[in-house]
Every structure is written in C-alpha cells, then in structure tokens.
Amino acid sequence: MPAALALSPHLDDAAFSCGGTLARLARRGWDVTVATLFTASVPDPQGFALACQLDKGLGPEVDYMALRRAEDAAACAHLGARPRHIALAEAPHRGYGSAPALFADLRPDDRVRADLAVQLRDLLAAHAPDLVLAPQGVGGHVDHVQLVLALREAAPAAPVLWWRDFPYTVRHADPKEPFRAAFAALPEVTVRLEPQDDAAKQAACAAYASQIGFQFGGAAGLDARLAAEESRERFRQEGEIPFDL
C-alpha cells in the first residue's frame, strides 16, 4: 500500500488546502497520514496567545489546542486519513505578540526550526512516504515559513506536492520570499476533484468548528469560499511522481 504524508503547520491547514486530494488518495487505497506540527497545549495562556482563543468565543479555562486536536481527528476521519499531533508550540507562544507579527519577519530568537527538523526526520523515517504534501508558505505565516525552511533542508527522498495555503490564497498570490523564485521554477499541478472528494473535503473543513466563524464568517461563508475554488487544488511539484493523482 503506498503511503502519503501531509505535513500541516496547524490543525486545519492540510484539510483546507488539499483535503480533496488526501480524500482521493485514501479512496484509492493509499495509507494517508496528516501530521500537524504546531499542536501543543500551553497552560495559562497570556496576552496575544490568550486573545487568539478569546476572539473565537473560547474562555481562558478552555484547553484550546485540545479542542482543536479533537476537531482535527474528526476532520481526518472524513478524509480517510490518520492524524498525528506533534507538540510544538504555535507562534503566539513563541514571542509573536500580534496578528501583524505572525506575517512579518521571523524573530531572531525563534529557534523552533531545530525542533522541527528533528520531528520531520522522525516522521519521514517512521512513515517512509511515497508522497509528501506540504505548504508553500503563501501568505507568509511564520509557522508555515518555518516548516517550509525545515522541510527543504530535510530534502525528503519522496516527491513533494507543495500545496497553496488556503485561505491565505484569497489575499495573497504567491509564497513569501525566499521561496517565490524556487517554487515558481517547479511545475504546477492542478488536481480536479471528483464529487466524493469535494464532499469529503467540505465535511472535513466543517469539522474545524472553532475556526469557521473567525475565518469565513460561518458555515455558509465556508461553503461559498470552497465553491469558489471550482473543485480543484493546486500544487507545485518537486520530484518525479510516478502515479496518477
């Protein structure tokens, strides 16, 4: 059985960006794993980290990341994928103190990439994937950027499909430097989804209930935005892919 490993910065990125492709692979008999890197619960969040859950209607007593991990498990069930949750802390817990800071330059004291490198090596060794799926870093979120940097340094043996980071693609056309030129040199691949893949993706995205209001203004907004994607997912392809997607 061929294996696919999706490397997701946050608990929703893979489903939003390439959930239909993951569902298609699972439906065709692939062993699909979605490994999300930044999923650590942090007791007693403060400042901007706390604001990130308060603005979603969740009080300070809620273990926000435990809630999101449960949502991710439900989403992966819709996709036919197995979730893996790696306990690295999201950017608001690493000194990024505002929404603009999440999309600005990497902090010089942010050393998470070394931990990411260890986790990526372990994941690639444990799953021995025939295909890796990962973000391009469109929008420039620092967690996405750190993952791209770490994965490019890891140079996995398997081919990589670099997905366009939805919903950041709504506001940004290209990856952030220093990746723009590198990704532009790779061939573009468009996966056109079949109805069952579309339905699985929509159900998976809806499972992230804590994010839907903030990101899309509610379930109707999510449905409209997914419909606007025209049943397709777009990637940049790195390496030779000897099978039909």
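All of the points below concern the structure found in this document.

Assigned secondary structure in the chain consists of ten helices and seven strands. Here the C-alpha atoms of the chain give a radius of gyration of 17 Å, agreeing with the 18 Å that 2.2 N^0.38 yields for 245 residues. For the chain, the spread of C-alpha atoms along the three principal axes comes to 50 × 40 × 35 Å. Buried positions account for 53% of the 245 residues belonging to the chain. Summing over all exposed atoms, the chain offers an accessible surface of approximately 10,300 Å²; the carbon and sulfur share of this is 53%. Within the chain, the 32 negative side-chain charges are centred at a point lying 3 Å from the centre of the 24 positive side-chain charges.

This brings us to the nonpolar core. Judged by nonpolar contacts, the single largest core of 37 residues is most densely connected at Phe-16, Leu-22, Val-32, Leu-131, Leu-133 and Phe-235. Among the elements that make up this core, the one with the highest residue count is helix H1 (residues 13–27) (eight residues). The contact partners of Leu-131, leaving out residues within four places of it in the chain, are Ala-3, Ala-4, Leu-5, Leu-25, Trp-30, Ala-158, Pro-159, Leu-161, Ile-241, Phe-243 and Leu-245. Counting residues in hydrophobic clusters, the runner-up holds 26 residues, among them Phe-38, Ala-150, Phe-179 and Leu-186.

Here H1 contains 15 residues, and its C-alpha end-to-end distance of 20 Å stays within 8% of the 21 Å for a straight helix at 1.5 Å per residue. At Gly-19, H1 is bent by approximately 80 degrees, the largest bend along its length. Where burial is concerned, most of H1 is hidden: 14 out of the 15 residues are buried. Within two residues after H1, Gly-29 carries a phi angle of roughly 100 degrees, on the positive side.

Here we take up empty space enclosed by the protein. Tallied over the entire structure, the rule returns one cavity of 30 Å³ or more. At the level of elements, H1 and helix H3 (64–79) are the ones that each hand at least two residues to the lining of the largest cavity. Here the lining of the largest cavity is built from residues that sort into nine nonpolar, two polar and three charged.

The computed volume of the largest pocket comes to approximately 700 Å³. Listed by contribution, the elements that provide at least two residues to the lining of the largest pocket are H1, helix H2 (47–54), H3, helix H4 (99–102) and helix H9 (209–216). Residue contributions to the lining of the largest pocket peak at four residues, all from H2. Of the pockets and cavities examined, the second largest pocket occupies roughly 220 Å³. If you trace the second largest pocket, you find 13 residues lining it, with Arg-164, Thr-169, Glu-229, Arg-232 and Arg-234 closest to the centre. Among the secondary structure elements, those contributing two or more residues to the lining of the second largest pocket are H1 and strand S7 (232–238). Per-element tally for the lining of the second largest pocket: the top contributor is S7, with three residues. Considering only residue class, the lining of the second largest pocket consists of four nonpolar, two polar and seven charged.

What counts and what doesn't
Residues numbered from 1 in each chain as written. Predicted model: local features only at pLDDT ≥ 70, side-chain atom pairs only at ≥ 80, totals over all residues. Heavy atoms only, no water. Helix = DSSP H or I, 4+ residues; strand = E, 2+ residues; numbered from the N terminus. Rg over C-alpha atoms; globule rule 2.2 N^0.38 Å. Buried < 20%, exposed > 50% of the residue type's maximum accessible area, 1.4 Å probe, protein only. Areas by Shrake-Rupley, 256 points an atom, 1.4 Å probe, with all protein chains shown as cover. Lys, Arg positive; Asp, Glu negative; His and termini not counted. Charge placed at Lys NZ, Arg CZ, Asp CG, Glu CD. Core = buried A, V, L, I, M, F, W, Y, C linked by side-chain atoms within 4.5 Å. Contact = heavy atoms within 4.5 Å. Expected span 1.5 Å × (residues − 1). Bend = angle between axes of the 7 residues up to and from the residue. 1 Å grid on protein atoms, 1.4 Å probe; cavity = no way out; pocket = protein on both sides within 12 Å on 5 of 7 lines; lining within 4 Å. Points joined across faces, edges and corners; volume = space filled by probe spheres on them. Nonpolar A, V, L, I, M, F, W, Y, C, P; charged D, E, K, R; others polar.

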